[in-house]
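# Chains, contacts and geometry: an overview
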Number of protein chains: 2
Amino acid sequence: MEEEDFDKELNRLFEEIMDVFKAIADPTRRSIIDLVAVSPININAIAENFVMSRPAVSKHIKVLLDSGLVGVEQQGRDRFLFLQLKALQEVQFWLKKYEYFWNTKLDRLDDYLKK
Amino acid sequence: MEEEDFDKELNRLFEEIMDVFKAIADPTRRSIIDLVAVSPININAIAENFVMSRPAVSKHIKVLLDSGLVGVEQQGRDRFLFLQLKALQEVQFWLKKYEYFWNTKLDRLDDYLKK
DNA sequence: TATATTTGTAACCAAATTGTTACATAAATA
DNA sequence: TATTTATGTAACAATTTGGTTACAAATATA
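A count of helical and extended segments in chain A gives seven helices and three strands. When the helices and strands of chain A are listed from N to C terminus, the series reads α-α-β-α-α-β-β-α-α-α. Counting only residues that meet the buried cut, chain A has 19% of its 115 residues in that class. For chain A, the proportion of contacts with a sequence separation of at least 24, taken over those separated by at least 6, is 53%.

The next point concerns helix α5 (residues 85-96) of chain B. Residue and element names in this part refer to chain B. The end-to-end C-alpha separation of α5 is 16 Å, in line with the 16 Å expected for twelve residues at 1.5 Å each. Buried within α5 are the following residues: A87, L88 and V91. For α5, the buried positions fall inside an angular range of 105° around the axis, keeping them on one side. For α5, the exposed residues lying more than 90 degrees away from the buried face are K86, F93 and K96.

The next point concerns the protein's contact with DNA strand C. DNA strand C sits among 20 residues. The nearest are S53(A), A56(A), G76(A), N42(B) and N44(B). Among the secondary structure elements, those contributing two or more residues to the surface near DNA strand C are α4 (54-67) of chain A together with α3 (43-47), α4 (54-67) and β3 (78-83) of chain B. The dominant element in the surface near DNA strand C, judged by the number of residues it contributes, is α4(A), at four residues. Residue classes in the surface near DNA strand C are distributed as five nonpolar, seven polar and eight charged.

Our focus in this paragraph is the protein's contact with DNA strand D. Taken together, 20 residues sit near DNA strand D, with N44(A), P55(A), S53(B), A56(B) and G76(B) positioned nearest. Those elements giving two or more residues to the surface near DNA strand D turn out to be α3 (43-47), α4 and β3 (78-83) of chain A together with α4 of chain B. The element that contributes the greatest number of residues to the surface near DNA strand D is α4(B), accounting for four residues. Of the residues in the surface near DNA strand D, the class split is five nonpolar, seven polar and eight charged.

What counts and what doesn't
Residues numbered from 1 in each chain as written. Chains lettered and ligands numbered in written order. Predicted model: local features only at pLDDT ≥ 70, side-chain atom pairs only at ≥ 80, totals over all residues. Helix = DSSP H or I, 4+ residues; strand = E, 2+ residues; numbered from the N terminus. Buried ≥ 20, exposed ≤ 12 C-beta atoms within 10 Å, placed from the backbone. Contact = placed C-beta atoms within 7 Å. Expected span 1.5 Å × (residues − 1). Arc of directions from axis to C-beta. Near = placed C-beta within 6 Å. Nonpolar A, V, L, I, M, F, W, Y, C, P; charged D, E, K, R; others polar.

In C-alpha cells:
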C-alpha cells in the first residue's frame, strides 16, 4: 500500500471512530441499535416503535449506517438492518484505555495534592 | 425510600447516562478526558493544549462536569479536574448488553433470511 | 496595596442536529 | 395494469452545539 493511501485509510478509520461516538450520543439511535440487535428488521418496522415520523427515523438510520454500527441487506423493496459489532468494538477499545485506572484504585488527586 | 423518590432517583440516573454519551461524542472532550486521566490538572493547563479559546474549553469542561465524567477540587484560585471512572462505567455497562452477540458469532441476518 | 493570574459567564454568531410535511420512486400485489 | 407498500429525499423550521470576544470576580503575588 502507498504511504498516501495508508494515511487516507488511517484518516478514514479515524473519522469512522468519531462517527460512532456521535451515533451513540442520541437516545433514539441507541434504541434503534437495541431493535436491530434482537433480529434484523426493516425500516418501517423500526419506525413503528417511535412517535416521530418515518423520515425522522430514516435520518437516524442514515447516521447509524454511516457510522458502520448497522449494516443493510436489500430484499426486494425492504431493507433489513442488522447490527455490526465491529463498530461497537471501537467504543470498547476506547474504554480499554481507562481500564488501567479501574485496576489501580489509588485516589490520584489525593496523591497529587500530597506532593 | 419513598416510591416517588425512587422514581426520581431512577430518572436522574437515566438522565446522567444520557449525558455521558453526549459528553463523549465530542473529540475535544475525549481529548480532555485523556488529559485529566494522566493526572489532575487545572483548567488553564488543559486549555493550553487546544487552539480554541479558554472559554470554549471551559464550556466543554462544564459538559464533562455535568456528565459526571470529571470531578473538580478547588485549590485556591485553581480548580483541579480529575477523572471519575464511575461515569465511564455507565458506557461499559451499556456495551455489556451487546457482549452476547460478540460471543455467539452466528450471522443473524443469514439465519433470519433462511426462514 | 497594586497587579497578575485563574476562572466564570454573558452576549453573540454560525453551523449542525433533529424534527416536520410533501413528494418521488421502485417493487409487490389485487 | 392500477394500487399499495417500503423507502428516499428535498425544503423548511426550531433547537442545540461549539465557537468567539468582552468583562467581572476572586485569589495569589510583587
